[in-house]
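Summary of the model geometry
Next come the chains, spelled out residue by residue.
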Amino acid sequence: MKKTAVILILATLFIPALNVFATAPAGFSGGVYNEYQYEEIVFITGEPIKFIGELEVKEKKKDNLKTVEYKFDLKTSPEYDDLDGELRRKIKLEITYDDRDEKGQVISHTKLDKYKEDIKLEGKKIGKVQYELEDFQLSKSDVIDKRPASDYYQGNIKGRKYYTINDDEGTVIVDITGGDVGYENFWGDTETKLINYTISYNRLIPEDDDDKEAINWTGTVMVNVSDSTTKNLIYNDNQANLSSFNGGYIKTENREVVSKYTFNLPNMRSNKYYLGFGNTGQIQLSKKMVPKIERLIVPKFRDLAGHLSKSQIEKLYSLGIFEGKKGQQFFSPDIPITRGEFTKALVKICDIKLEDENKKRTISIRGNNKAKEEPLNFIDIKKDDQLYKYVKAAHEKGIIEGITPLRFKPKSTITKAQAITSIIRALGFQNKAPNPGYYTSFTDSNEIPYWAKDSIYIANEIDIINGNEAGKIYPNKELTRAETSQIFVRLLKFLERDLQKDYREKIILFN
């Protein structure tokens, strides 16, 4: 079995602020793949036929232009006893990015630069037949909303493929409509395409008496295909008893491509096609990549034994999001977290690039990484302060504000209402609350500051915060380091799993 080749060619050392999504379904055919094999379903004959084989992808990036080349070399699946065939396809796409920094958005435009496709089939039922792609028109455009914690995007697709059958026996026209939705953050990314094909088949088959048989039919296929990467933390016990530590966390990265074809085609008996639909069904495909693993540093805090937030604190410490107090032996879970500590941790959990990192980076992976030279206006944080670059990044992204226009007060405490407001801003969800007049489910809702009500409502809806047994949230209470760890782990879960469920499972299962 041949191994799938994925080749990335970087044409320049610097890519300006544009989204370069690491995860995306290959082309517009609904196929799935891993490191070793690609497979897709082809409906051009009027019946579903599975092809498997090799996929090669090449990418080049320069300034605001990205080119992607796909090369498919496929054969019919061995499951068919009386059908042999091959499919060879080459597609080159050009994607331009229009960066609207003032709005925090990017508009992308995809056009087809080159194409070539040839399908050859031979079998008892269909004889010898060749489909050659003569023309391919394609237009695709996406809007990408760049938020501090995650980028979100949505696009539309319109296209048409025009095939000839055995040179001059007929034509097949495939009209393509649909769109895509996706997100990308440090903890995971998913792109789901929803594509509709309308297939119009017109053919004149020569017969023995020099007459010709006309075969004309129309069918529809709906394809939902999703390419998704997620990262998870798994605790691994140390099997050795005489060791300096009991165990630690492993970060795993998993990638899977799944697709579902729903088709409505004409019935076919021998070489005869009948009017009306009757050949309907669904076919699902999936491929998983080999997981990637990374061991994380081992926490050794002496003041967490029996603490309810022990596992959450150790996860965040292993990820480098939290630090200890008084060296690395104590965490002090029940003391209030400071505004500076909270800001630094939130910037890390959102993977917001810092100014000095921006200058060193050569390739933009996500979001707007242009360094801004304007200094902070806060007089209580000097440029040589360790917190300076974190506060600057968070303030420039609009995540957190000062206590006054000139003072940030990094050593002051932060309330739950203030913390939740910053988290929802980082997600870009501050405008998703209902129209004014709604009620939260908390029994102390009347204590929520007016400026935090929308954020707390949304945070509860996406399960980042919940009330206690009495239904209270205590919005104005100082947040402790342990409480912050619980909220941040819920935020991680949302970025890791809940977004994937919304962008993949709900779409694939319910469309």
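Residues numbered from 1 in each chain as written. Predicted model: local features only at pLDDT ≥ 70, side-chain atom pairs only at ≥ 80, totals over all residues. Heavy atoms only, no water.

**Focus: the overall build of the protein**
Secondary structure assignment for the protein yields seven helices and 15 strands. Looking at the protein as a whole, 52% of its 511 residues qualify as buried. Taking all contacts inside the protein whose residues are at least 6 apart in sequence as the whole, residues at least 24 apart take part in 67%. Element-wise, carbon and sulfur atoms account for 48% of the exposed surface of the protein, whose accessible area totals about 25,500 Å². (Helix = DSSP H or I, 4+ residues; strand = E, 2+ residues; numbered from the N terminus. Buried < 20%, exposed > 50% of the residue type's maximum accessible area, 1.4 Å probe, protein only. Contact = heavy atoms within 4.5 Å. Areas by Shrake-Rupley, 256 points an atom, 1.4 Å probe, with all protein chains shown as cover.)

**Some thoughts on the packing of aromatic side chains**
Tallying each qualifying case throughout the model produces 19 aromatic pairs. Ring centres 4.7 Å apart and planes at 55° place the aromatic pair Tyr438 and Tyr457 in the tilted group. Of the two residues, Tyr438 is situated in the loop between α5 (416-427) and α6 (453-461) and Tyr457 in helix α6; the sequence distance between them amounts to 19 residues. When its relative accessible area of 11% is taken as the criterion, Tyr438 is described as buried. An aromatic cluster is present here, built from Phe301, Tyr317, Phe322, Phe331, Phe342 and Phe488 joined pairwise through their rings. Above the ring of Phe136, the side-chain terminus of Lys161 is found at 5.2 Å from the ring centroid. In this arrangement the basic side chain of Arg481 is found over the ring face of Phe331, its NZ or CZ atom lying 4.1 Å from the centre. (Phe/Tyr/Trp six-rings, centres within 6.5 Å; stacked < 30°, edge-to-face > 60°. Lys NZ or Arg CZ within 6 Å of the ring centre and 35° of its normal.)

**A look at the nonpolar core**
Grouped together as the largest cluster of nonpolar side chains are 72 residues, with contacts concentrated most on Ile349, Leu427 and Phe488. At the level of elements, β10 (170-185), α1 (310-318), α2 (339-349), α4 (388-396), α5, α6 and α7 (481-510) are the ones that each hand at least two residues to this core. The element contributing the most residues to this core is α7, with 11 residues. The contacts of Phe488, once residues within four sequence positions are left out, are Leu316, Phe322, Phe342, Ala345, Leu346, Ile349 and Ile423. Formed by 56 residues, the second largest nonpolar core is a distinct cluster that contains Val57, Ile91, Ile144 and Tyr163. (Core = buried A, V, L, I, M, F, W, Y, C linked by side-chain atoms within 4.5 Å.)

**Notes on the environment of Asp82**
Here Asp82 lies in the loop between β5 (65-76) and β6 (83-100). A relative accessible area of 44% means that Asp82 is categorised as partly exposed. It is 5.4 Å that separates the C-alpha atoms of Asp82 and Gly123, two residues lying 41 residues apart in sequence. Those residues in contact with Asp82 that sit more than four places away from it in its chain are Glu122, Gly123 and Lys124.

**So, α4**
For α4, the set of buried residues is Tyr388, Tyr390, Val391, Lys392, Ala393 and Ala394. Once α4 ends, the next one or two residues include Gly398, with phi positive near 75°.

**Describing a negative patch on the surface**
A cluster of acidic residues, Asp81, Asp82, Asp84 and Glu122, forms a negative patch at the surface. Among the secondary structure elements, Asp81 is positioned in the loop between β5 and β6. (Patch = residues over 30% accessible without salt bridge, like charges linked within 9 Å, V, L, I, M, F, W, Y side chains within 5 Å. Salt bridge = Lys/Arg side-chain N within 4 Å of Asp/Glu carboxyl O. Lys, Arg positive; Asp, Glu negative; His and termini not counted. Charge placed at Lys NZ, Arg CZ, Asp CG, Glu CD.)

**Things to note about the pairing of strand β7 (residues 105-123)**
Successive residues of a regular strand alternate their side chains across the two faces of the sheet. As paired strands, β6 and β7 are joined by 18 bridges and run antiparallel to one another. The partner of Leu93 across the bridge, within β7, is Leu112. Taken together, β6 and the strand that follows it, β7, pair antiparallel across an intervening segment of four residues, in which Gly104 is found at a positive phi of about 70°. Pairing of β7 with strand β8 (residues 127-146), which is carried by 13 bridges, proceeds in the antiparallel orientation. Note that in β8 the partner of Gly123 across the bridge is Gly127. Connecting β7 to the next strand, β8, in antiparallel fashion are three residues. (Pairing = 2+ DSSP bridges.)

**Focus: α1**
Listed as buried for α1 are Gln312, Ile313, Glu314, Leu316, Tyr317 and Ser318. Where α1 terminates, the next one or two residues include Gly320, which has phi positive at roughly 80°.

**Some details on unusual backbone geometry**
One non-glycine residue, Ser332, lies in positive phi territory at about 55°. Secondary-structure assignment places Ser332 in the loop between α1 and α2. A residue is classified by how much of its surface remains accessible, and Ser332, at 19% relative accessible area, is buried. A positive phi angle, near 50°, is found at Tyr474, a position not held by glycine. As for its placement among the helices and strands, Tyr474 is situated in the loop between α6 and α7. Given a relative accessible area of 39%, Tyr474 falls into the partly exposed group.

**Description of the pattern of salt bridges**
According to the stated counting rule, one finds 38 salt bridges in the structure shown. One salt bridge in this structure joins Asp142 and Lys140, with 2.5 Å as the shortest N-O distance. Among the residues examined, Asp142 registers a relative accessible area of 5% and is labelled buried. Classification of Lys140 by relative accessible area gives buried; the value is 10%. A single salt-bridge network, built from bridges that share partners, covers Glu40, Arg89, Glu117 and Lys161.

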